[in-house]
Amino acid sequence: MRKLKLQMDITIDGFVAGPNGELDWMTFDWEDKNLVQDLNSVIDSSDTLLMGRKMTDEFVNYWSNALKNPKSPEYSFAKKMIDVPKVVFTKTLDESRWPNTVLAEGGLVEEVNKLKNRPGKELLVYGGAGFVSSLIKHDLIDEYHFFVYPTAIGKGLTIFSEVGRYLKLKEIDVTPCEGGITIHHYLPEMATKPQSSKAGSAA
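All residue numbers refer to positions counted from 1 along the written sequence of the respective chain. Residue-level local features of this predicted model are given only where pLDDT is at least 70; pairs of side-chain atoms are given and counted only at 80 or more, and the full residue set underlies all totals for whole chains, interfaces and linings. With hydrogens and water excluded, all non-hydrogen atoms of the structure serve as input to the side-chain values.

This part takes up the packing of helix H2 (residues 53-66) against helix H3 (residues 75-83). Lines fitted to the C-alpha atoms define the axes, with helices restricted to the stretch that makes contact. Angles between their N-to-C directions range from 0 to 180 degrees. The way it works is that DSSP assigns letters per residue, a run of H or I at least four long becomes a helix, a run of E at least two long becomes a strand, and they are numbered from the N terminus. For the pair H2 and H3, the least separation of the axes is 8 Å and the interaxial angle reads 135 degrees. In terms of orientation, H2 lies oblique with respect to H3. By crossing handedness, the relation of H2 to H3 is classed as left-handed. Facing H2, whose interface residues are Phe-59, Val-60, Trp-63, Ser-64 and Ala-66, H3 presents Tyr-75, Phe-77, Ala-78, Met-81 and Ile-82. Along the lines of polarity and charge, the residues of the contact of H2 with H3 split into nine nonpolar, one polar and no charged. Any angle that falls under 35 degrees is termed roughly parallel, while one over 145 is termed roughly antiparallel, one within 65 to 115 roughly perpendicular, and all others oblique. Take the far helix as your reference; a near helix turned counterclockwise from it by less than a right angle gives a left-handed crossing, and one turned clockwise gives a right-handed crossing. Note on contacts: a residue pair qualifies if any of its non-hydrogen atoms lie within 4.5 Å across the two residues. Residues are grouped as follows: Ala, Val, Leu, Ile, Met, Phe, Trp, Tyr, Cys and Pro are nonpolar; Asp, Glu, Lys and Arg are charged; all remaining types, including Gly, are polar.

Now the structure itself:
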């Protein structure tokens, strides 16, 4: 069975965007070898990108524009983003309006498990926040790759929004980067409701 990997930028206080989707805190350095190596290694191990409808327009437009400048440090990665087959999860569209893209026709769990059982490389998801939250809710993500920024924004969008859930991750690798970002690679260890401790919590 293929794995579903999540690769995402996240603030040190756990947000993936500001309250209205702001990403002004995100300062990805394409000259940072560790960042670029991790970014490419994850997409190169994957052959299908899963996306929520809300972010697809912005995503496709951004990388299509990046392809217009062959001298840009983003160019080679942009080509991968446009070339990789995409599956968009939506309840409002009947047909895809984006190139190299198909729509998921069934429910989230059904469709993701169907994709996992097909032959090929791994599956990859970048976002958005609501879509990723749904994947986490149903325990569908097999690997977490976080670019943790040394920046706190106080409030915003989170992918860990399910009330009452307890998600325990096992960290298997940490890589510091030149600009202060730290790459954290986790595997899910347990996802369930938290049990209250008889001893209580420490202050």
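A water-sized probe rolled over the atoms picks out the places where empty space is left. The method works on a 1 Å grid over the protein atoms by themselves. A cavity is a set of points holding a 1.4 Å probe that cannot get out, a pocket is an open set with protein on both sides within 12 Å along at least five of seven lines, and residues with an atom within 4 Å of a point line them. Grid points are joined across faces, edges and corners, and a volume is the space filled by probe spheres set on the points. Space inside the largest pocket adds up to approximately 1600 Å³. As for the largest pocket, its lining consists of 44 residues, and the residues nearest its centre are Met-55, Tyr-126, Gly-127, Gly-128 and Ala-129. Secondary structure elements with two or more residues in the lining of the largest pocket: strand E1 (4-11), H2, H3 and helix H5 (129-137). Ranked by the residues each element gives to the lining of the largest pocket, the list is headed by H2, at seven residues. Per-class residue counts for the lining of the largest pocket are 24 nonpolar, twelve polar and eight charged.

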